[in-house]
Amino acid sequence: MEILLALIPAFAWGSIGLVSGKLGGTAQQQTLGMTIGSFIFAIGAYVVYQPAFEVTIMTVGMVSGLFWTLGQNKQFQSMKLMGVSNTLPVSTGLQLMANTLAGVLLFREWTSSRDLFLGILALAFLIVGVRFTTVSDQKDSGDEAASVKKAWMKALGLSTLGYAFYTITINASGVDALAVILPQSIGMVIGALFFSRKEQVWNQYTARNILTGLIWGVGNIFMLISMKAIGLAVSFSLSQMGIIISTLGGIWFLGETKSKREFRYIIIGCVFVIIGGIVLGYLKS
């Protein structure tokens, strides 16, 4: 049951790039709309669970939310530069490495030789799968293409940093996962307002993207619950299986063009990701 709960974020988060891509807007408009939606969801969660608040919970939640906004905003920028099907597999691989290393090195989640063997095997499958999904037949040429790729890589690096500390902050503090949701959403809105301070964002596109925030909120609450139940390394790795939805959806739903060879490698990569997720599930059995 814990593994099934940990897979809910994969379905929720895997669809965010597709939904936001259809709803439209700039990276700042998408980020702000999404944080407003997550704030609305967090209020609902608070009404249902009514967790106790204290200074530590408020601080940890807001810091985590600020880091998340950095991660999501830069990921939106990356998708604008190179598309959903190109960005999400690479972003997933970087996040897997960062969070899994944190889970193992900082929180000592894998202690036995069995854990280490299965964990490394699962990561190998996941990383190889991600690599297959990034195979491209297109040749980069010219200063403009090089500049776009450089900007894309920089945005992905900052996105990975933000996403990593979003989960690490909560896991390291040991606070109640449900109690942190509302203050976290407040930090997210503050961060989104900061990123959008130089742009006119109060429009229909921001309003539309409130839906992505509600979807994210569903994934987030199950991510926090599963993180406490099965650990950061496994829960975060399972949540990133949404790569299958986002990569294939970017091609079929958003119309991002791929050659037959590229599509074949994407299918193979998705199979590797699924196998890696199964191994991670077995690790906790």
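Here's a quick rundown of the structure.

Cut-offs and rules
Counting from 1, residues in each chain are numbered in the order their sequence is written. Totals for whole chains, interfaces and linings use all residues, but because this is a predicted model, local features are given only for residues with pLDDT of at least 70 and pairs of side-chain atoms are given and counted only at 80 or more. In computing side-chain values, all of the structure's heavy atoms are included and hydrogens and water are not. What is meant by a nonpolar core is a set of buried Ala, Val, Leu, Ile, Met, Phe, Trp, Tyr and Cys residues, joined one to another through side-chain atoms within 4.5 Å. Under the scheme applied here, a residue whose accessible area is under 20% of the maximum for its type counts as buried, over 50% as exposed, and between as partly exposed, the area being computed with a 1.4 Å probe on protein chains only. Secondary structure counts use DSSP, requiring at least four H or I residues in a row for a helix and at least two E residues in a row for a strand, with both numbered from the N terminus. We call two residues in contact whenever any of their non-hydrogen atoms come within 4.5 Å of each other. Planes of paired rings set the category: under 30 degrees apart is stacked, over 60 is edge-to-face and the rest tilted, where pairs are Phe, Tyr or Trp rings (Trp by its six-membered ring) whose centres lie within 6.5 Å. A ring is considered to have a charge above it if a Lys NZ or an Arg CZ atom is located within 6 Å of its centre and within 35 degrees of its normal. Expected span of a helix, by definition, is 1.5 Å for each gap between consecutive residues, and there is one gap fewer than residues. Definition of a polar contact: a pair of N or O atoms within 3.5 Å, with one able to donate and the other able to accept a hydrogen when the atoms are protein atoms, and with sequence-neighbouring residues admitted only if both atoms are side-chain atoms. Only C-alpha atoms enter the line fits that serve as axes; for helices the fit covers just the stretch in contact. Angles between N-to-C directions range over 0 to 180 degrees. Here the word oblique covers every angle except those under 35 degrees (roughly parallel), over 145 (roughly antiparallel) and from 65 to 115 (roughly perpendicular). Each crossing gets its hand from how the near helix is turned against the far one by less than a right angle, where anticlockwise is left-handed and clockwise is right-handed. Starting at the helix axis, one direction is taken to each C-beta atom, and the arc is that of these directions. A pairing counts as a salt bridge when a side-chain nitrogen of Lys or Arg comes within 4 Å of a carboxyl oxygen of Asp or Glu.

## Focus: the nonpolar core
Of all hydrophobic cores here, the largest spans 30 residues; its most connected members are Trp13, Trp68, Tyr166, Ile170, Trp216 and Leu224. Counting residues per element, the ones that place at least two in this core are α1 (2-14), α2 (16-23), α3 (27-49), α4 (55-82), α5 (84-106), α7 (142-173), α8 (181-195) and α10 (210-230). Apart from residues lying up to four places away in sequence, isoleucine 170 is in contact with Val60, Ser64, Val175, Val180, Gln184, Leu224, Met227 and Lys228. Counting residues in each nonpolar core, the second largest holds 24 residues, with Ala10, Met241, Cys270 and Leu283 among its members.

## Quick notes on the side chain of threonine 92
You can see threonine 92 is positioned in helix α5. Look past the residues within four positions of threonine 92 in its chain and what remains in contact with it is Val130, Gln240 and Ile243.

## Things to note about the packing of aromatic side chains
All told, the structure shown has ten aromatic pairs when counted by the stated rule. Taking 6.3 Å as the distance between ring centres and 45 degrees as the angle between the ring planes, the aromatic pair formed by tyrosine 166 and tryptophan 216 counts as tilted. Note that tyrosine 166 is positioned in helix α7 and tryptophan 216 in helix α10, a separation of 50 residues in sequence. Accessibility classification places tyrosine 166 together with tryptophan 216 in one group, the buried group. One residue, lysine 22, lies across the ring of phenylalanine 253, its end atom 5.2 Å from the ring centre. It is arginine 197 that lies over the ring of phenylalanine 194; its NZ or CZ is 4.1 Å from the centre.

## Quick look at α3
Each α-helix winds once per 3.6 residues, and so residues spaced three or four apart point in a common direction. In a regular helix each residue adds 1.5 Å, so 23 residues correspond to 33 Å; α3 covers 32 Å between its end C-alpha atoms and thus fits that length. At the exit of α3 stands glutamine 50, carrying a positive phi of roughly 45 degrees.

## Some thoughts on the environment of serine 91
Structurally, serine 91 can be placed in helix α5. Between the alpha carbons of serine 91 and methionine 153 there is a distance of 9.7 Å; along the sequence they are 62 residues apart. Once residues lying within four places of it in the same chain are set aside, the contact partners of serine 91 are Gln75, Leu156 and Ser159. Looking at serine 91, its side chain comes within polar contact range of the side chain of glutamine 95, at 2.8 Å.

## Side note on the packing of α3 against α4
Helix-helix packing: each pair is described by the crossing angle between the helix axes and the interaxial distance. At their nearest, the axes of α3 and α4 sit 9 Å apart, and the two run at 140 degrees to each other. Taken together, the axes of α3 and α4 are oblique relative to one another. The element α3 and its partner α4 pack so that their crossing is right-handed. In this structure, α3 contributes Ala27, Gln28, Gln30, Thr31, Met34 and Thr35 to the contact, and α4 contributes Trp68, Thr69, Gln72, Asn73, Phe76, Gln77 and Lys80.

## Regarding helix α6 (residues 113-133)
Here α6 spans 30 Å end to end across 21 residues, near enough to the 30 Å set by a 1.5 Å rise per residue. For α6, every residue scored as buried is listed here: Asp115, Leu118, Gly119, Ala122, Leu123, Leu126, Gly129, Val130 and Thr133. Buried residues along α6 cover an arc of 130 degrees about the axis, so they all sit on one side. Structural note: α6 exposes Ser113, Phe117, Ile120 and Arg131 on the side pointing more than 90 degrees away from its buried face.

## Quick notes on the environment of isoleucine 221
Residue position: isoleucine 221 is located in helix α10. We classify isoleucine 221 as buried; its relative accessible area is 6%. Between the alpha carbons of isoleucine 221 and isoleucine 8 there is a distance of 9.6 Å; along the sequence they are 213 residues apart. Setting aside anything within four residues of it in sequence, one finds isoleucine 221 in contact with Phe41, Ala45, Tyr49, Leu178 and Ile181.

## Comments concerning the environment of glutamine 184
Along the polypeptide, glutamine 184 turns up in helix α8. Using a relative accessible area of 0% as the deciding quantity, one classes glutamine 184 as buried. Along the backbone, glutamine 184 and glycine 37 are 147 residues apart, and their C-alpha atoms lie at a distance of 13 Å. Apart from the residues lying within four places of it in its own chain, the contact partners of glutamine 184 are Gly61, Met62, Ser64, Gly65, Tyr166, Ile170, Trp216, Asn220 and Leu224. Only 2.8 Å separates the side chain of glutamine 184 from the side chain of asparagine 220, close enough to count as a polar contact.

## A closer look at the pattern of salt bridges
Under the counting rule described, the total for this entry stands at two salt bridges. Across the pair aspartate 115 and arginine 114 runs a salt bridge, and its minimum N-O distance is 3.5 Å. Classification of aspartate 115 by relative accessible area gives buried; the value is 13%. Under the relative-accessibility criterion, arginine 114 is labelled partly exposed at 35%. Salt-bridge contacts for arginine 261 lead to aspartate 137; the nearest nitrogen and oxygen are separated by 2.4 Å. Residue arginine 261 is found in helix α13 (residues 260-283), and its partner aspartate 137 is found in the loop between α6 and α7; the two are separated by 124 residues along the sequence.

So, to be careful, I would describe these as geometric facts and stop short of saying anything about function.
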